[in-house]
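# Survey of secondary and tertiary structure
Below, each chain spelled out in residue letters.
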Amino acid sequence: MQHRALALFAATALTVSLTACTSEGGGTADGGLEGEGTGDDCTIGSPVPVGAALSLTGAAGSYGESQQKGLELALEQLNAKGGVEYELTVEDDQTDPRQGIAVFEQLTADDGASVIIGPTLSTGAFQAQPIAQEEGVPVLAISNTVDGITAQGDYIFRDSLTESQVIPQTVAAATAEYGLEKVVLMYANDDALAEAGGEVFTGALDAEGIEVADTLAFSVADTDFRALLTEAKAAEPDALVVSSLIEAAIPLVTQARELGLDVPIIGGNGFNNPKLMADAGDAAEGVVVGAAWNSGSDTPENTAFLADFEEMHGTRPDQFAAQAYTGLMLIDTAVRASCSGERDAIKEGLAGIEGVPTVLGELTINDERDAEHEAVVQVVDGGEFAVLD
Amino acid sequence: MQQLLNGLFIGSIYALFAVGFALVFGILDRLNLAHPAVFAASAFIGIELVTVGGLPFWAALPAVAVVGALLGLIVERVAFRPLKGRADAHFAGLISSIAVAGMLIALLQWRYGAETRRFPADTFPATRFDVLGAQVTLLQVVIVAVCVTLVVGLTWLVARSRLGRGMRAVAENPTAARVLGVDVDRVTATTFAISAALGAVAGALFAMNVNSAQLGMGSAIELKGLAVIVVGGMGSLPGALVGGLLLGVAEVFAVQYLGSAWRDLIAFALLFGILLLRPQGLFGGRRARQV
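What counts, and at which threshold
Residues numbered from 1 in each chain as written. Chains lettered and ligands numbered in written order. Predicted model: local features only at pLDDT ≥ 70, side-chain atom pairs only at ≥ 80, totals over all residues. Heavy atoms only, no water. Helix = DSSP H or I, 4+ residues; strand = E, 2+ residues; numbered from the N terminus. Rg over C-alpha atoms; globule rule 2.2 N^0.38 Å. Buried < 20%, exposed > 50% of the residue type's maximum accessible area, 1.4 Å probe, protein only. Contact = heavy atoms within 4.5 Å. Areas by Shrake-Rupley, 256 points an atom, 1.4 Å probe, with all protein chains shown as cover. Lys, Arg positive; Asp, Glu negative; His and termini not counted. Charge placed at Lys NZ, Arg CZ, Asp CG, Glu CD. Buried area = accessible area lost by both parts, 1.4 Å probe. Salt bridge = Lys/Arg side-chain N within 4 Å of Asp/Glu carboxyl O. Polar contact = N/O pair within 3.5 Å; in protein donor to acceptor, adjacent residues only side chain to side chain. Nonpolar A, V, L, I, M, F, W, Y, C, P; charged D, E, K, R; others polar. Pairing = 2+ DSSP bridges. Axes fitted to C-alpha atoms, helices over the stretch in contact; angles between N-to-C directions. Phe/Tyr/Trp six-rings, centres within 6.5 Å; stacked < 30°, edge-to-face > 60°. Parallel < 35°, antiparallel > 145°, perpendicular 65-115°, else oblique. Left-handed = near helix turned anticlockwise from the far one by under 90°.

## Description of the overall build of chain A
On a plain count of helices and strands, chain A comes out with twelve helices and 15 strands. Relative to the 2.2 N^0.38 estimate, which gives 21 Å for 389 residues, the radius of gyration of chain A is 23 Å and therefore close to what a compact globule would have. The buried share of chain A, reckoned over its 389 residues, is 52%. In chain A, once contacts between residues fewer than 6 apart in sequence are set aside, the share between residues at least 24 apart is 67%. Counting every atom, chain A has about 16,000 Å² of accessible surface; 50% of that belongs to carbon and sulfur. Seen as two clouds, the 15 positive and the 65 negative side-chain charges of chain A have centres 5 Å apart.

## Concerning the interface of chain A and chain B
Between chain A and chain B, the contact holds 28 residues from the first and 23 residues from the second. On the chain A side of the contact with chain B, A:Asp224, A:Arg226 and A:Glu258 bury the most area, a combined 25% of that side's loss. Residue A:Asp279 pairs with B:Arg118 through a salt bridge whose shortest N-O separation is 3.1 Å. Here chain A is connected to chain B by seven residue pairs in polar contact (both at pLDDT 80 or more). Those elements that provide at least two residues to the side of chain A that touches chain B are strand S7 (211–218), helix H7 (226–234), helix H8 (246–258) and helix H9 (275–280) of chain A. Among the residues making up the side of chain A that touches chain B, the classes are represented as eleven nonpolar, six polar and eleven charged.

## Thoughts on the sheet that holds strand S10 (residues 287–291) of chain A
Residues and elements named next belong to chain A. One open sheet holds the seven strands; their spatial order is S7-S6-S8-S9-S10-S14-S15, and the pairing between them is mixed. The outermost strands of the open sheet, each flanked by one partner alone, are S7 and strand S15 (384–387). Here the strands of the sheet are splayed against their neighbours by 25° on average, with no regard to which way each runs. Bridging between strand S6 (residues 182–188) and strand S8 (residues 239–243) involves five bridges; their strand directions are parallel. Across the sheet, residue Tyr187 finds its bridge partner in S8, namely Ser243. Contacts between H7 and the sheet are confined to S6, S7 and S8, with S7 contributing the most and set at about 175° to the helix. Lying on the sheet, H8 is in contact with S6, S7, S8, strand S9 (265–267) and S10; it crosses S9 at an angle near 170°.

## Structural notes on the side chain of B:Ser96
Residues and elements named next belong to chain B. Tracing the backbone through its elements, the reader meets Ser96 in helix H4 (residues 89–112). Owing to a relative accessible area of 17%, Ser96 belongs among the buried residues under this scheme. Of the polar contacts made by the side chain of Ser96, one reaches the backbone oxygen of Gly93; its length is 3.2 Å.

## A look at the packing of aromatic side chains
The relative placement of two aromatic rings is captured by the distance of their centres and the angle of their planes. Residues and elements named next belong to chain A. Applying the stated criterion across every chain, the model contains twelve aromatic pairs over all chains. Ring centres of Tyr63 and Phe320 lie 4.5 Å apart, and the angle between their planes is 20°; this geometry places the pair in the stacked category. Note that Tyr63 is positioned in helix H2 (residues 61–81) and Phe320 in helix H11 (residues 319–338), a separation of 257 residues in sequence. Of the residues examined, Tyr63 reaches a relative accessible area of 28% and is grouped as partly exposed.

## Comments concerning the packing of helix H9 (residues 217–232) of chain B against helix H10 (residues 237–257) of chain B
Residues and elements named next belong to chain B. Packing of H9 against H10 brings their axes to within 8 Å, and their N-to-C directions diverge by 120°. Between H9 and H10, the angle is such that the two are oblique. Relative to H10, H9 is oriented so that their crossing is right-handed. Residues Lys224, Val228, Val231 and Gly232 of H9 pack against Gly239, Ala240, Gly243, Gly244, Leu246, Leu247 and Glu251 of H10. Partitioning the contact of H9 with H10 into residue classes produces five nonpolar, four polar and two charged.

## Side note on the environment of B:Ala227
Residue and element names in this part refer to chain B. Note on placement: Ala227 falls in helix H9. Residue Ala227 is classed as buried on the basis of its relative accessible area of 3%. Remark: the alpha-carbon pair of Ala227 and Leu247, spanning 20 residues in sequence, is separated by 8.6 Å. Sequence-distant contacts of Ala227, defined by excluding residues within four places in its chain, comprise Ala267 and Leu271.

## As for unusual backbone geometry
In most cases, non-glycine residues show a negative phi, while peptide bonds are predominantly trans. All names here are of chain A. Across the junction of Gly118 and Pro119, the peptide omega takes the value -10°, indicating a cis bond. In this model, Thr95 sits at a positive phi of 55°, which is unusual for a non-glycine residue. Relative to the elements of secondary structure, Thr95 occurs in the loop between strand S2 (86–92) and helix H3 (97–109).

Put into C-alpha cells, the structure is as follows:
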C-alpha cells in the first residue's frame, strides 16, 4: 500500500514537472529583447543569448575548436559595433550525439537561448535538432553537409553548403580545366555519405555530358585498391572521380599514383581535409576537391576576416572557422532585420537573408532554409589547396 | 599482367602471415589466435618507430621483427605455457590466445586511439619500374623479396639446422624429444618467437603496402591466414607460401571479374573447394601422428 502511494506521488510530481517544462518553452528570458530602430541603428536593451553546441573534445574536437575561434572573433566584432550585445554560451557535446541532446535540452530550457549554433557533426544534428524544433528555438548549422538536415523543421537553417551543391560545381570546373570526356567513377557502396556522393557525381557527370567508362564500387573498410585501380586504368580515363571518406581516400590516391594513374582525381567532401596532403604526400598532387570557403578570396569581408583572425588567434583560419564566423554574422543580420532578439523574429530574419556579403561570398538562405553561395574548386598543388581557375 | 602482379604482392604478405600460423601449428599442434593481434600491433609499432624514433624503413623492419619476437614470447608464456600440462591444452590454448589477442588490441587502442595510422609519405622512395607493361614499385619488389627470403630461410632452418631438428623432434613427440635431451620448453618458446616475428614483419609490410594501419587489420587477415594454411596443408611451410600467393591472385581476379564485394567470398570458396577435393591440403601429407 505504501509503495503504491509513493508511486502515485512520484507520477504526480513527474507530471507537474513536465507541465512546468512545456509551459516555459514559448518565449525567452525576460521579454526585453524587443529593440528600437532598424538595421544598423537597432538598439536592444538586454543582451541576446546565443547558444553554441560544438564538439570541442572527442573525434571531431579539432573542428569544434576551430569553430569556437571563429565564433569568438565574430562575437568580439559584433559587441564592439554596439547597439545589440550578444551573450555567447559554448557547450561541448564531446562528439557524442547523446551528449548533444543533453546540450540542446540545456540550451533551450535553462539558458533560454534565442538561437542555437551547431552541432558540429551531421550525425549529432539529426539527433539534437528535433528538440530545438519542438521548443521553437531557431538553429543555424554551420558545418553540416548531409542532405535533409534542414528538412527536420522550419526552425532549422544552415550556412554550410551540401554535397549536392558543391559537387556539380566541382565537376563543371574540372571539366572546363582539364577538358574531361571520359572518367571512371569509384565510390564506397556501404556508407551512406559516400554512396549519396556517388549518386550526386553520377548526376553531375551526366549533366556535363561526360562519359562514365566504368563504375567501380568498394567498401569503406577496403585498404587495397590495386585491383580496382588497374581496372580503372585499363579504361584510360581523363580523370578518376571518387566518393569516399578520408580513411579510404588516402590509400586509394597513393596506390593510384603507384600504378601510374597520373590523371586528376576528383573527390567529394570527404577529400576536403588537410590530412590528405599530410598522409598521401606527393600522391595527393592533382586531387580536385570542392569546398565552401575560398581562403584566397579577395573580397573586403574575407581580407578583413583573415587579418583579424590571425591577429586574435595567431593561426590561419580554416573553413570551419569561416563558416562559424559567418554563422554569427548572419544571426546579427537576422536580429537587426526586425530589431528583435526573440526566437521567432530571428527565425523570420534568417529566412529572409538574401544576397548578404559574407566571407563565404554573397549568401542567400533559400526556401529549404539551406545556404546558397558560390563554392570554390580547389586543386592540390605543391602540398596545399589552391584555387582551380 | 598488372593484376597478376597485384595478386602476387598481396599474396606474398598473406603467405608470410600464414607461415607464422603454420609454423606453430605444424610443430606444436597449437593454433595461436593471438597471431593476428601481433600482426596489427607490429604495424602500429613500426609506424611509431619511423615517425617518432626516426628510423629509416630498412632499419625499422628488423626492429619490428624483434618486437614481434618478444610479443611471441609473451604470448607463449601467458597464453600457452600455463596450460600445457592439461589434457585439453589444445583448446584451452586456443581460447586463452584469443584473450591475449583482445588484450593486445585493447592496449593498442589505449596507446594509439581508434584512428587509422600511416607511415609518413616519404618513408620509402616511390621508385617505379615498368615490367612488361605493368607498373611495379620498388616497395612491392622489396615486399616480395623479403617475404620469399623469410619463408625459404625458415624452411631451410626447420629442415637443416640443429634448432630445426629440435623442432621436428618436438613435433613428432614432445616426451620422446625430452628424453633424448631436447629442451622442449626452449624449442617451444623459440618457435613462438620466430612465428610472431614473421607475423610482425608481415604486419609492417602490409601497413606500408596499403598505406594504412587499423586496429581491425588483424581480424581481416586472420580468416585469410587460416584459409591459406588449410589450403596449403596444415603445418606445411611451402604449402603456406603457395597457398598465400594463390589466394592473393584469386582475390585480385575476383575483384576484376566479379566486383570488390566478392573478394572475401573467394578465400572461402577456395577453402571449401580444396577441402572437398583434397582434404589434406595441397602439400599436406597424410599423417597418422595423432594416434
